[in-house]
Each structure stands twice: as structure tokens, then as C-alpha cells.
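Chains, contacts and geometry: an overview
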Amino acid sequence: MTPSTDRKRFTVPIGPQHPALKEPGHFAFDVDGEIVQSASVRLGYAHRGIEKATESRTWVQNLYLLERICGICSHIHATAYCLGVEKLAEVEVPPRAQAIRSLVAELERIHSHLLWLGVAAHEAGFDTLFMYSWRDRETVMDILEALTGNRVHYSANVLGGVKYDVDDKQAATIREGLDFLEERTLHYLEVVTTDGLFLQRTRGIGVMNRDEAEQSGVIGPTGRASGVHRDVRIDSPYTAYAEHPILPVYESTGDLLARFIVRLREQLASFEYIRMLLDHLPNSPLTTRMPRRVKEGEAISRVEAPRGELFYFIKSNGGDMPERIHVRTPTLCNIASVAQLVIGQHLADVPMILVGIDPCFSCNDRTSVISQDGQRDLWTWDRLRQYGINHYGTHYSKDIHR
Amino acid sequence: MTNGASPHKETNLWQSVLDRLKLWSRKHSPWLIHFNSGSCNGCDIEILATLTPRYDAERFGVQLHGSPRHADILICTGPVTRQARERLLRTYEQMPNPKYVIAVGACAITGGTFAGCYNVIGHIDEVIPVDVYVPGCPPRPEAIIDALVILLQKMSTNGPKIEEAVS
Ligand code: SF4
């Protein structure tokens, strides 16, 4: 992206401070009139250097550090790390602990998808849906808090098992909460597929067919909305998913609407799964003994985070600290697709396309993807969002008046 | 902004009435701007949860705003990373006086778990002055509301405050 001399074209840089995403990232869009010609992404504002820091902390300390890579998918980071370390240490985790790991992971998926639904609705200017979905999200937050005592970083995992058990009373509260959430999710599914205004912002926008999706390597719900049949929970089951498989959710249209539908249907699948897990919780202790030093070797662990495949590489030199840990988060795979998706689209659609992949920069920013930076008239994210809403507002009202 | 021994009594009267009016309106509708200088997101979603229906901080007239030029309160999360430092300063400097800062989370106060990471250069009050600290990892929404209430009280006892960024 070079600053163009053509008078009709100019560059719209956005960020890094934009309250809608709650996270810093910088984007520059080259526009010709209304149409985006090219886009570049600059990340790394939240890069802290966690991977390096893991090398000077013990195996147990790292559990808490790695959980704090991301506040939205904290449990799944810790799970991936534990699975890898346990593989290295050749420790067998008891089945009840595995089931509880899956249980918390699915609860986390529900909270993450509801959070996303709200943020995406906010981008479209549909703040009513935003407020409702966040109100309902508090139900799952209550469940998580009742289970683990924390709202965000649950710390449910320990090396060799889990910390918290589920008793009958808690199981009953969980079921009750799930019933309420299921009803609400069905309602949201109806809203996003029938509301005319909302459909105008989602249907046929940011379309990525299966081939394109495979090529740009998108994963998680974004890929599944384009018909890419890839889900680590099914392809390479871990924790309780091997014994109790979860129902996969795929769509084929690949537009923004499909991404909404996939995430909402995934929630429905999670409700079913949690109920089933609660019915079949195996009886066993919660932890096994874990050695303080981990055997020399390398391990890889893959799990399905709410946003897609999360990958951990762990290397041990036999000491009480890891030699190297590498983390690859789903947003890194998905963010590149945005730069392609927005080309040829209206500037007004950019916010929606970007949130469509559910980006998470704090996860991503351990590594930085840098391209050149066009600094001129700076737009805030809010301004772009408002632009999108106004754009559609005027167009839609024209349609009505016609 | 204290009234010194000025010969123009009337201007002083006007000034104090105006000041009180400004303080009153500021206290009843403080606008927030949120800046993430490298947090893990946990604090940020709790801030957002504070503004949504269950906790509803908007009943204090608090509103989240996009532009630093409209904001009274800067609400910061996370440790300060090398790249975000300049942005944080710039955001702070763009805010009109008087400005207030709330640091949310263990990271914002001391660097938290991320203290010592190579790209973390410190915590918020090493870069800009902070008025209220909210400990926790992340703090609960109730704690964030409490911080807002403390800040609103502080506004009225201390009066308008003018401070420059320590760059
Ligand atoms: S205090 Fe905790 S929740 Fe907040 S940004 Fe730091 S690690 Fe995340």
C-alpha cells in the first residue's frame, strides 16, 4: 500500500485506539470513493513478550501467565498448556478432570460467542441486541463464578487435573441457566435471520467461498461458516471429546450471516453437550501427582478455542522451567483474510467484516505482523462505525420511501 | 483555578458560578474513554460488562465515548507496552482539562503477571498520573463502579484539577 497520487484515492487509517473492539490494532484502508481498494493491518500494540517470559518461570507459574494471554478464552489457553505438559511428563489425567475441563471450555465458548454477538450487533448499530446479549451473558458468568469463584480467569486447570468439582446442586444451577440461555439463543437466531435491517448488513457481505477459505487458511467458526470442515474437537479429540463427541456445526454460504448462524448454532450444540456431560460425569479423583521437573522432550497440543484452533508447542530440557513455548492463536490465521475480504467492499461494511472473524488482539500480539503505516487523516473506529450506520441508515430509508 | 486577589469582583463571581456549573455538569455526566495499552482483555470485558444492563454504570451518567477530545475520564487497562506508550500519552494529551485517570487491574497498577516481560515498559502511573486505582485480576464490575463513585466524590472535594502529562 503506497500513498497514491491519484486524486480520487486516499487512505483511511484507523486506530489503534478504537473503543469498539476494546483492543488496539491499526488498519489502513485505501479507498477509491466508497470502495476499498486495498487494506493493511498493523498489530503488536499489545505485544508483551509472553513467550520469552515463560522461559524464566516455572511450569506451575506459567499456567497462570499463559491463562492471561487472553481474558476471553483464558481456560482454553491453560488447557492447551496443561495437555502439552502432561503429555511430556507422561501423566494420565483422571477422566472426571477431563470432563470438567471440557465442561468449562464449553461454558467459555458460550460466554465468548454471546460477547461476540453483542459486539457485532453494536458494530451494526443494533445496540438493543448488544445490551440484551450482554445481559444474558451474565447468566453464564454467574455459572462460571459459582463453579470456579472467578468471572474471567477461572484457573480451573492445574497440571495433572482440575481444581474444582461439580456437585449436584451446582449441576442443577447450570441446567437451569442453560435452559434460559437456550431460549434466548433461539430467539437471537430468529432475530439475526429475520430482521430486515440486520440482514441488510450481513447477507451477501464479506463472502468467502470454501476454496478461498481453504486458501487463506481461516479456521474456527469463520472457516466453518464457509463450509470448511475443520474442528479440532472432532478431528483430533482431546479431554472428554474423544469419549463424548460433540455435534459439529457447518454452514456453506460463507457470508457474514453464515458467521452469525454458525456461532449461534454452536452455542446450541454446547448447551446439549454440557447437559450430556453433566449426565455422564465419571467418578474419579480430580488430580494426579505431577512431577516438579518435566522430562526432556517436545510436545504439541491443539485445542479448539472459541475462535478456532489454538496451537501450543512446548519444549522441555528436563528442568523445572520450559525451554521454549510457542503459541499460535486463531486470530493470526484469520486476520489475514480480512485484508482480502474487504477489497471491493464498501467502506461502510468494513467494521462488520472485521468483527465477523471475531478478532482478538491480545491473543495475537505475542507475534507481530507489520506492514507499512499510512499516517494521515486519522479516523477513530467510532467514526468508521458511525459512518457505516449512517450509510445504511440513509440507504435504507431511501428504500422505504421508494 | 483558584480566585486570587483580583480587583474585578464581578468577574470573580461569574467565574465561580461558571466553575460550579461546570463541575456540576461534569459530575452528573462524566464521559469515559477506554484505552488498552497491552492488557489481556479480561479487564476490558469487565469494563464493558459494567456498562451493560446488569451493572449499568450509565445510571451515573457515565458514557463510553470514542474520542479523547470529548472525554473527562481515561480508563486504562493493562501494562504499558513499548508500542502503546506513545499512544497512551497522546490520548491523554488530547483530552481537555480537567482530566481524570482510572487504572483498572493488577497490570495497570504494577504490571501484574506481565511485569518483567521484555516489551512491557511499566505500569500506567509511570506514564501518566492516575487518580483512582482498581486492584483485581480482573476487578469485578462492582469494584469498577466503586472506583467511578470515588472519582466523582474526588471531583467535588478537590475541584477541577489541571495536570500536564509527564512525557
Ligand atoms: S489485571 Fe488480569 S485481567 Fe486485567 S489485564 Fe491484567 S492479567 Fe488481564
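Residues numbered from 1 in each chain as written. Chains lettered and ligands numbered in written order. Predicted model: local features only at pLDDT ≥ 70, side-chain atom pairs only at ≥ 80, totals over all residues. Heavy atoms only, no water.

A closer look at the overall build of chain A
A count of helices and strands for chain A gives 15 helices and eight strands. By the burial criterion, 62% of the 402 residues in chain A qualify as buried. Of the roughly 14600 Å² of accessible surface on chain A, 52% is carried by carbon and sulfur atoms. (Helix = DSSP H or I, 4+ residues; strand = E, 2+ residues; numbered from the N terminus. Buried < 20%, exposed > 50% of the residue type's maximum accessible area, 1.4 Å probe, protein only. Areas by Shrake-Rupley, 256 points an atom, 1.4 Å probe, with all protein chains shown as cover.)

Considering empty space enclosed by the protein
Residue and element names in this part refer to chain B. All chains considered together, the criterion is met by four cavities of 30 Å³ or more. There is about 80 Å³ of room inside the second largest cavity. Lining of the second largest cavity is provided by 14 residues; of these, Ser39, Cys40, Cys43, Cys107 and Cys137 occupy positions nearest its centre. Ranked by the residues each element gives to the lining of the second largest cavity, the list is headed by helix α4 (residues 106–110), at three residues. Here the lining of the second largest cavity is built from residues that sort into nine nonpolar, four polar and one charged. (1 Å grid on protein atoms, 1.4 Å probe; cavity = no way out; pocket = protein on both sides within 12 Å on 5 of 7 lines; lining within 4 Å. Points joined across faces, edges and corners; volume = space filled by probe spheres on them. Nonpolar A, V, L, I, M, F, W, Y, C, P; charged D, E, K, R; others polar.)

A closer look at a nonpolar patch on the surface
Residue and element names in this part refer to chain B. On the surface, Leu13, Trp14 and Val17 cluster together into a nonpolar patch covering about 350 Å² of accessible area. The residue Val17 is located in helix α1 (residues 9–28) in this model. Assessed through its relative accessible area of 42%, Val17 is described here as partly exposed. (Patch = residues over 30% accessible without salt bridge, like charges linked within 9 Å, V, L, I, M, F, W, Y side chains within 5 Å. Salt bridge = Lys/Arg side-chain N within 4 Å of Asp/Glu carboxyl O.)

Things to note about the sheet that holds strand β6 (residues 297–305) of chain A
Residues and elements named next belong to chain A. Spatial strand order, β6-β7-β8: three strands in an open sheet with antiparallel pairing. Edge positions in the sheet fall to β6 and β8 (322–328), since each has one partner strand and no second. On average, adjacent strands in this sheet sit at an angle of 15 degrees to one another, irrespective of strand direction. The sheet contact formed by β6 and strand β7 (residues 308–316) spans nine bridges and is antiparallel. When the bridges of β7 are listed, Ala305 appears paired with Gly308. (Pairing = 2+ DSSP bridges. Axes fitted to C-alpha atoms, helices over the stretch in contact; angles between N-to-C directions.)

Points about the nonpolar core
Within the largest apolar cluster, 117 residues are counted, with the highest numbers of intra-cluster contacts made by Tyr81, Val166 and Tyr312 of chain A. Counting residues per element, this core draws most heavily on helix α4 (residues 95–123) of chain A, which supplies 15 residues. Counting residues in hydrophobic clusters, the runner-up holds 20 residues, among them Leu51, Val62, Tyr100 and Val104 of chain B. (Core = buried A, V, L, I, M, F, W, Y, C linked by side-chain atoms within 4.5 Å.)

Observations regarding the confidence of the model for chain A
Residues and elements named next belong to chain A. Put simply, chain A has an average pLDDT of 81, and 82% of its residues get 70 or more. When pLDDT is averaged over each element of chain A, helix α6 (residues 168–194) comes out on top at 92 and helix α14 (residues 361–364) at the bottom at 54. Predicted confidence for residues 1–5 stays below pLDDT 50, and this span has ten contacts to residues more than four positions away or in other chains. Confidence over residues 396–402 falls short of pLDDT 50; this stretch has three contacts with residues more than four positions distant or in other chains. (pLDDT = per-residue confidence, 0-100. Contact = heavy atoms within 4.5 Å.)

Looking at the site of the ligand
In the vicinity of the ligand lie 14 residues, with Cys40, Cys43, Ala106, Cys107 and Cys137 of chain B positioned nearest. Bordering the ligand are residues originating from chains A and B. With respect to the pocket detection grid, the ligand is positioned in the second largest cavity. Sorting the residues of the shell around the ligand by element identifies α2 (42–51) and α4 of chain B as the ones contributing at least two each. (Near = heavy atom within 4 Å. Sits in = over half its atoms within 2 Å of the grid points.)

Some details on the sheet that holds strand β5 (residues 100–104) of chain B
Hydrogen bonds along the backbone pair up the strands of a sheet, which may run parallel or antiparallel. Residue and element names in this part refer to chain B. Taken in spatial order, the five strands of this open sheet run β2-β1-β3-β5-β7, and their pairing is parallel. Since the sheet does not close on itself, it has two edges, and those belong to β2 (63–64) and β7 (132–134), each with one partner. In this structure, strand β1 (residues 31–36) lies alongside β2, joined through two bridges in parallel fashion. Pairing of Leu32 across the sheet is with Leu64, part of β2. Across the sheet, α2 touches β1, β2, β3 (73–77) and β5, and the angle it forms with β3 is around 140 degrees. With respect to the sheet, helix α3 (residues 82–94) is in contact with β1, β3 and β5, its orientation differing from that of β1 by roughly 170 degrees.

Describing the pairing of β3 of chain B
All names here are of chain B. Of all five residues that make up β3, five are buried, and the element is covered over most of its length. Neither face of β3 is left uncovered, since the one carrying Ile73, Ile75 and Thr77 and the one carrying Leu74 and Cys76 both have all their residues buried. Relative to β5, β3 runs parallel, the two being bridged by five bridges. Its bridge partner being in β5, Ile73 is matched across the sheet by Tyr100.

Re unusual backbone geometry
All names here are of chain B. With an omega dihedral of -10 degrees, the bond running from Asn97 to Pro98 counts as a cis peptide bond. Mapped onto the elements, Pro98 comes out in the loop between α3 and β5. Pro138 follows Cys137 through a cis peptide bond whose omega is -10 degrees. Within the element layout of this structure, Pro138 appears in the loop between β7 and α5 (141–158). Even without being glycine, Asp56 reaches a positive phi, approximately 45 degrees. The topology assignment puts Asp56 in the loop between α2 and β2. Relative accessible area serves as the criterion here: at 29%, Asp56 is assigned to the partly exposed category.

Points about the interface of chain A and chain B
Between chain A and chain B, the contact holds 46 residues from the first and 39 residues from the second. For the pair chain A and chain B, the summed buried surface comes to about 3500 Å²; carbon and sulfur atoms form 59% of the total. Taken together, chain A and chain B are joined by four salt bridges. For Arg54 of chain B, the salt bridge is made with Asp142 of chain A, and the minimal N-O distance between the two is 2.9 Å. Run the count over chain A and chain B and you get eight residue pairs in polar contact (both at pLDDT 80 or more). (Buried area = accessible area lost by both parts, 1.4 Å probe. Polar contact = N/O pair within 3.5 Å; in protein donor to acceptor, adjacent residues only side chain to side chain.)

Quick notes on the pattern of salt bridges
Residue and element names in this part refer to chain A. With the rule as written, the count across this model stands at 33 salt bridges over all chains. Between Arg101 and Glu86 there is a salt bridge, and its shortest N-O distance comes to 2.8 Å. Placement of the pair is Arg101 in helix α4 and Glu86 in helix α3 (residues 74–89), with a sequence separation of 15 residues. Just as Arg101 is buried, Glu86 falls in that class too. Measuring nitrogen to oxygen at the nearest pair gives 2.5 Å for the salt bridge that ties Glu266 to Arg224. With Glu266 in helix α11 (residues 256–279) and Arg224 in helix α9 (residues 220–224), this pair connects stretches of sequence that are 42 residues apart. The exposure classification of Glu266 matches that of Arg224, with both residues buried.

Thoughts on α11 of chain A
When the terminal C-alpha atoms of α11 of chain A are compared, their 35 Å separation across 24 residues agrees well with the 34 Å that a helix rising 1.5 Å per residue should span. Of all 24 residues in α11 of chain A, 20 are buried, a share of seventy percent or more. (Expected span 1.5 Å × (residues − 1).)

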